[in-house]
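Residue-level structure breakdown
The residues making up each chain are set out below.
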Amino acid sequence: MKLTKPPSPERIEETQQPLSLFQIRDKNEWLPEATPTSDILKAAARGSVGEEGYYGVPMLKRPLWHWHIALYFFFEGVSAGAFLLASLADLFGGGQLRKLSRAGYTVSFLSILPCPPLLIADLGVPSKFHHMLRIFKPSSPMNLGAWSLAAYSIPLQMITLQHLAADTEIFPKAIQRLLLRLVPERLAGILGIPCALLMVSYPGVLLSTTSTPVWSRTRLLGALFSSSSMATGAAATSLALALAESVDHRAISKMEKIERLASLCEGVALAGYLITTGKAARPLLKGRYVWHIFLAGSAVAAQLLLPAKPARKRKRGLMSSLLRSALTLAGGLALKWAIVYAGRKSAEDPQAARDASRPSKAAPGWNKARR
Amino acid sequence: MIDELVNVFSRPQPPAQKQEMGFFTDTTLCIGCKACEVACKQWNQLPADGFHWTGYSFDNTVTLSDTTWRHVAFVEQLDGEAGRNRWLMMSDVCKHCAAAPCQEACPTGSLIYNEFGDVYVQQDICNGCGYCVAACPFGGMARNPGEGRAHKCTLCYDRQKDGMEPACAKACPTDSILFGPVEQLREHARERVERLHERGQPDAYLYGAEPAGEYSALNAFFLLMDKPAVYNLPEAPRRPAAHMKTNYLFSFAAALGLAAASAFFFAKGEK
């Protein structure tokens, strides 16, 4: 029998044909560390033999989402929050908040840019990203989210194109004229509002609609994400306003109030989320993610405790406003990062999974064992 | 040609609904031979999972995964005082829930109930988003790290289409794995539990034969001898989507409230 050397892993990755499962697992055989079993064995709690459960092997599979999705939740929250504020400022500001609305739309457009690449890179088969829009299935928050992202991007792009046409010379004259005349900015803003509301609302619900204990024990994760998104959207808009050439102190003072209110809402939702999650919240309250939560909490505290100055006396207080907004942005990112990563830790903990599936009135279960 | 162009978005008729088929896994008959694991791997051309000695009794596959669709659990119970030493074995498999959380979660429509009432991943549609992996309360769904799609037991859809029983049930030497119409299996399973109780095995009970509150019945259900946790099964799985509406409600309330307050601040003049 002649032994042939298996092709190198790089060679297999280069092959044009779709690989069969068998070829791919062969690759993992040379890299036994990469097999799912070894992964799960690593997660199994050593020394738990004899305790309740099965050799400490996790009951649930670890969610596969990591930094792509954490960053996506942050950026789409900033974008949708800023869009909501920009369109509302345009509608209700009576023409005096043009600058605010402009800044909001700009923030919104810039922060939505990384979102599609992040989402697509996270997929197991990125080339099939468009299958998300193959059906409309509102009962799946991820499907609804994909549709709302697609719908949201249309008014946002229309408004951005119009702003570009108004401010720059990058379009040919005819197209510039067309864009300036034909795009109804206010109407696009109004049409974008429901999409933006969906965009801030769905990520928390998406995480909640799983079996991962730290996400699914509560009904407040959606509210936590939506209020955090509003707070970060407002913070990013006020940063953009404060860094503009001529600072509109009146608009900044309005934004400050909104930031405070959103932070208050975020703080309440965070406390409610941690309380209702109970023991399953352990990955957030112990270990490295406690610092993330601490940062998010301090951002809320900074917004609420530092005194705001009335607009007339503001000129010197700009620095504190800037710092506060930056802290809110950092806190929002830390919060979403921690919650996404805590899901992985939570699913690896068989005890948390067992505690989360104890019989209740709504789900009595099938356990009829006598012991 | 014209017909194809006109009907480019029309979908073919789904196959006619057949009788619901499922598994009944009777753990009291399992002898831990792992013939089901091997038959499954052979029929579905699933690769080996590497070579690990775990030290967990005879269990070296540890869990269901993208390439292990039948997994035999081994539980050694040594209870010297009561004089009851047991070696429990259980062939675990995708539960094919009648209302499956993975199917509810799937954003692409890749996960479907096929004409036999079983949960099936359409590989040409799955884009590997990973939502089903997080949704499954049994940890039965996994994504292949190489080619990126979700995989799990298909209940041998291909064999069923040809009127054959799944490979694991065919290979099982003790009929611990039974395949058949779910209603008949449930009837048989209830009789089996009664018979075991009569013969002095009062521990026996059915796991997943009927709905439990918000969670549906399982089309692949089990006869167990100890607490579900002993076999790494959840005692009372919850339907992940049960609180989705309340969650949306709070979420929208927060967003709408903040938006309304912002509109008020914007409309209000400077004090």
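What counts, and where the lines are drawn
Residues numbered from 1 in each chain as written. Chains lettered and ligands numbered in written order. Predicted model: local features only at pLDDT ≥ 70, side-chain atom pairs only at ≥ 80, totals over all residues. Helix = DSSP H or I, 4+ residues; strand = E, 2+ residues; numbered from the N terminus. Buried ≥ 20, exposed ≤ 12 C-beta atoms within 10 Å, placed from the backbone. Contact = placed C-beta atoms within 7 Å. Nonpolar A, V, L, I, M, F, W, Y, C, P; charged D, E, K, R; others polar. Pairing = 2+ DSSP bridges. Axes fitted to C-alpha atoms, helices over the stretch in contact; angles between N-to-C directions. Left-handed = near helix turned anticlockwise from the far one by under 90°. pLDDT = per-residue confidence, 0-100. Parallel < 35°, antiparallel > 145°, perpendicular 65-115°, else oblique. Core = buried A, V, L, I, M, F, W, Y, C linked by C-beta atoms within 7 Å. Expected span 1.5 Å × (residues − 1).

Another aspect to go through is the overall build of chain A. Within chain A one finds 16 helices and 0 strands. In chain A, which comprises 371 residues, the share counted as buried stands at 53%.

All right, on to the overall build of chain B then. Looking only at helices and strands, chain B features 8 helices and 10 strands. C-alpha extents for chain B along the principal axes are approximately 85 × 65 × 40 Å. Burial analysis of chain B (271 residues in total) assigns 54% to the buried set. A separation threshold of at least 6 residues defines the contact pool for chain B, and within that pool the share at least 24 residues apart is 60%.

What follows deals with the interface of chain B and chain A. Each side of the interface is counted separately: chain B has 89 residues, and chain A has 95 residues. Element by element, the count of residues in the side of chain B that touches chain A is highest for helix 8 (residues 244–267) of chain B, at 18 residues. Residue classes in the side of chain B that touches chain A are distributed as 51 nonpolar, 25 polar and 13 charged.

The next subject is the sheet that holds strand 10 (residues 220–224) of chain B. Residues and elements named next belong to chain B. What the 4 strands build is an open sheet, ordered 8-1-10-9; its pairing is mixed. In this open sheet, the two edge strands, each paired with only one partner strand, are strand 8 (177–181) and strand 9 (205–207). Within the sheet, the average angular offset between the axes of one strand and its neighbour, ignoring direction, is 25°. Across 4 bridges, strand 1 (residues 21–26) lies against strand 10 in parallel orientation. When the bridges of strand 10 are listed, Thr25 appears paired with Phe222.

Residues and elements named next belong to chain A. Between helix 4 (residues 67–92) and helix 9 (residues 185–208), the shortest axis-to-axis distance is 8 Å and the interhelical angle comes to 145°. The two elements helix 4 and helix 9 cross, and the hand of that crossing is left-handed. On the side of helix 4, the interface is formed by Phe73, Glu76, Gly77, Ala80, Gly81, Phe83, Leu84, Ser87, Asp90 and Leu91, while helix 9 contributes Arg186, Gly189, Ile190, Gly192, Ile193, Ala196, Leu197, Met199, Val200 and Pro203.

Moving on, we come to the confidence of the model for chain A. Residues and elements named next belong to chain A. In the predicted model, chain A carries a mean pLDDT of 86, and 83% of its residues have values of at least 70. Below a pLDDT of 50 lies the segment residues 1–9, which in the model reaches 3 contacts outside its immediate sequence neighbourhood of four places, other chains included. The model gives residues 11–34 a pLDDT under 50, and that stretch makes 35 contacts with residues more than four places away or in other chains.

Now for the packing of helix 4 of chain A against helix 8 of chain B. Direction vectors running N to C along helix 4 of chain A and helix 8 of chain B enclose 40°, while the axes themselves pass 9 Å from each other. For the element pair helix 4 of chain A / helix 8 of chain B, the angle class is oblique. You can see that helix 4 of chain A and helix 8 of chain B cross each other, and the crossing is right-handed. Contacts from A:Leu84, A:Leu85, A:Leu88, A:Ala89 and A:Phe92 in helix 4 of chain A reach B:Ala259, B:Ser262, B:Ala263, B:Phe266 and B:Ala267 in helix 8 of chain B. Across the contact of helix 4 of chain A with helix 8 of chain B, the residue classes tally to 9 nonpolar, 1 polar and no charged.

So, on to the environment of A:Met199. Residue and element names in this part refer to chain A. You can see Met199 is positioned in helix 9. In sequence terms Met199 and Ser226 are 27 residues apart; their C-alpha atoms lie 8.5 Å from each other. Dropping the residues within four chain positions of it, Met199 is found in contact with Glu76, Ala80, Ser148, Leu149 and Tyr152.

Quick look at the nonpolar core now. In this structure, A:Ala196, A:Met199, A:Ala338, B:Cys102, B:Cys132 and B:Cys168 are the most contacted members of the largest nonpolar core, which totals 188 residues. Here this core gets 15 residues from one element, more than from any other, and that element is helix 4 of chain A.

This part takes up helix 12 (residues 249–277) of chain A. Between its first and last C-alpha atoms helix 12 of chain A spans 41 Å; for 29 residues at 1.5 Å apiece the expected length is 42 Å, and the two agree. Phi turns positive, to about 65°, at A:Gly278, one or two residues after helix 12 of chain A.

A positive phi angle is found at A:Tyr55, which is not glycine, with a value near 50°. By C-beta crowding, A:Tyr55 is classed as buried, having 23 other C-beta atoms within 10 Å. One non-glycine residue, B:Gln45, adopts positive backbone phi at about 55°.

Okay, the environment of B:Gly32 next. Residues and elements named next belong to chain B. As for its position among the elements, Gly32 is in the loop between strand 1 and helix 2 (35–44). With 17 C-beta atoms counted inside 10 Å, the residue Gly32 sits in the partly exposed group. On a C-alpha basis, the gap between Gly32 and Tyr215 in space is 29 Å, while along the polypeptide they are 183 residues apart. Setting aside residues up to four positions removed in sequence, Gly32 forms contacts with Phe58, Val72, Phe74 and Met89.

Another point: the pairing of strand 1 of chain B. Residue and element names in this part refer to chain B. Within strand 1, 6 of the 6 residues are buried, which leaves the element mostly enclosed by the surrounding structure. Where burial is concerned, the two faces of strand 1 agree: the one with Met21, Phe23 and Thr25 and the one with Gly22, Phe24 and Asp26 are both buried. Bridge analysis of strand 1 against strand 8 gives 5 bridges, and the strand direction is antiparallel. Residue Gly22 lies in a different strand from strand 8, and its bridge partner there is Gly180.

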